[in-house]
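In case you want the letters, here they are:
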Amino acid sequence: MVTPARIMQSEHRWQEITVPLANGSSAPVVAELSADGIFGVHQSVTVPGRWTVTHIPTLFAITRTARTREVAWSFVSVLRTFPWDWSKSDLRYFAAQRIMLGPEQWEWIESIKD
């Protein structure tokens, strides 16, 4: 019998991506991409021992605090509950959407920030 976790994992693919760093440089990482290519999960470049959730269309690191790959994917599951168009590649869109978050969503976002 295939469990939902097994199905989710099998829908991901691994790919090298280049992520921007705060100092203006960039670094290649091997990320596990969601089936739709919207999110990537990879080991953090800047926080040893942690996992990063990256929004692929913007290459914005949503969080670098996940202790495991599985926790990072659980963050993605919560993010997908937000009524946002994740295919957008303009960070201004997400900044505007964030302003409209409810208190529980805002609190959750604050809890996963670096």
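As shown above, the structure is provided for reference.
Description of the structure in this document. None of these values were measured; they are calculated from a predicted model.

### A few points about helix H2 (residues 69-79)
Here is step 1 of the chain: Along H2, the residues classified as buried are Arg-69, Ala-72, Trp-73, Phe-75, Val-76 and Leu-79. For H2, the angular spread of the buried residues around the axis is 150°, confining them to a single face.

### Let's talk about the packing of H2 against helix H4 (residues 103-112)
Here is step 1 of the chain: It is at 12 Å that the axes of H2 and H4 come closest, and there the two elements cross at 155°. Between H2 and H4, the interaxial angle falls into the category roughly antiparallel. H2 and H4 meet at a crossing whose hand is left-handed. Between H2 and H4, the residues in contact are Phe-75, Val-78 and Leu-79 and Trp-108, Ile-109 and Ile-112, respectively.
Here is step 2 of the chain: Each residue belonging to the contact of H2 with H4 can be placed in one class, and the counts come to 6 nonpolar, no polar and no charged.

The rules we used
- Residues numbered from 1 in each chain as written.
- Predicted model: local features only at pLDDT ≥ 70, side-chain atom pairs only at ≥ 80, totals over all residues.
- Heavy atoms only, no water.
- Buried < 20%, exposed > 50% of the residue type's maximum accessible area, 1.4 Å probe, protein only.
- Helix = DSSP H or I, 4+ residues; strand = E, 2+ residues; numbered from the N terminus.
- Arc of directions from axis to C-beta.
- Axes fitted to C-alpha atoms, helices over the stretch in contact; angles between N-to-C directions.
- Parallel < 35°, antiparallel > 145°, perpendicular 65-115°, else oblique.
- Left-handed = near helix turned anticlockwise from the far one by under 90°.
- Contact = heavy atoms within 4.5 Å.
- Nonpolar A, V, L, I, M, F, W, Y, C, P; charged D, E, K, R; others polar.

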